[in-house]
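# Per-entry structural report
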Amino acid sequence: MSTSPSSSAQQARQVIANRLREILRDSGLTARALAAAAGWDESKCSRLIHARTPPSDEDIRVWCRICEAESEVNDLIAASRDADSMYVEWKRLQRGGMKRLQEARVSLYEQTRLFRFYSSQFIPWPLQTPGYMHSVLSCFADFHGTPGDIDEAVATRLARRRLLSEGDHRFAMLVEESVLRDRVADDDALAEQLGHLLEGMSLPSVSLGIIPFTSRRKLWTMETFSIYDDKRVFVELLSAGVTVTQPREIALYVKGFGELASDAVYGVKARALITAAIHALG
């Protein structure tokens, strides 16, 4: 397993490792005896109880069977799978195709009332146009070498935009000025996207801030992240998606979002930056 940049994932794994250690202690067995009974190298037990290696479902079943704690199996497997989902490489996330990836968090989106997006890479998805979506998703699929069901993925992502006008969802978005000028699509698609951004920022459910190049910053430019109420954060790295669920970590992202928001401009000043980016397309 790659070392997670999020302590949430590592802490979740440590909780599982601690429980395996307790089960072993309660059984009266030694790690050597357990390894011998399981047919494992003794070092494997050490790796498992120190959270250096994540247990497979079968590892958990064998451990609990030998320690006569089979009632623990289902809860431990569920916890282990949750920990797995906290740090997942994009290649694994996209294994079933881009459309499936777009469908993965629909339930979370529908339940969320306050979305907070900070983007140093792309326009946030609720305000993306089809052409811009197609270009971004194509770049993503090409880079990671994943299945290219781009049209289906775009249609799925477009369907999520209904949340902008349905229910009581609110969207607070912060975008670096560089995002307005990055040529991630052709000029026509970018012009359409920036024009749509001007329209979208007028929606009652949307607050859009642009962080100018010239802003005297409280925080540096960082990886793109999104906050769902105060319950979950999703961070987009080059190699993986990281899910943060530890309350103290979520609080840090909420604080960071507030600091970044204070560096942004809104309303007329934000419109001026978007308009300037349109004009720069020639």
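Reading the values: rules and limits
- Residues numbered from 1 in each chain as written.
- Predicted model: local features only at pLDDT ≥ 70, side-chain atom pairs only at ≥ 80, totals over all residues.
- Heavy atoms only, no water.
- Helix = DSSP H or I, 4+ residues; strand = E, 2+ residues; numbered from the N terminus.
- Buried < 20%, exposed > 50% of the residue type's maximum accessible area, 1.4 Å probe, protein only.
- Pairing = 2+ DSSP bridges.
- Core = buried A, V, L, I, M, F, W, Y, C linked by side-chain atoms within 4.5 Å.
- Contact = heavy atoms within 4.5 Å.

## A word on unusual backbone geometry
Phi is positive for Ala51, close to 60°, though the residue is something other than glycine. Inspection of the secondary structure puts Ala51 in the loop between α3 (42–49) and α4 (57–66). Note on Ala51: relative accessible area 8%, which makes it buried. In this structure, Asp229 is a non-glycine residue whose phi angle is positive, near 50°. With respect to the element layout, Asp229 can be found in the loop between β5 (225–228) and β6 (232–236). Looking at Asp229, the relative accessible area reads 17%, which means it is buried.

## Focus: the pairing of strand β2 (residues 114–119)
Where burial is concerned, most of β2 is hidden: 6 out of the 6 residues are buried. Burial of β2 is two-sided: the residues Leu114, Arg116 and Tyr118 facing one way and the residues Phe115, Phe117 and Ser119 facing the other way are all buried. The pairing of β2 with β5 spans 4 bridges and is antiparallel. Bridged to Arg116 within β5 is Ile227.

## So, the nonpolar core
Leu34, Trp40, Trp63, Tyr118, Phe225, Val233 and Leu260 are the most contacted members of the largest nonpolar core, which has 44 residues in total. It is helix α1 (residues 7–27) that provides the largest number of residues to this core, a total of 6 residues. Apart from the residues lying within four places of it in its own chain, the contact partners of Val233 are Phe225, Ser226, Ile227, Val242, Thr243, Val244, Ile250 and Tyr253. In terms of nonpolar packing, the next biggest core, distinct from the first, is built from 33 residues, Phe117, Ile123, Met173 and Val265 among them.

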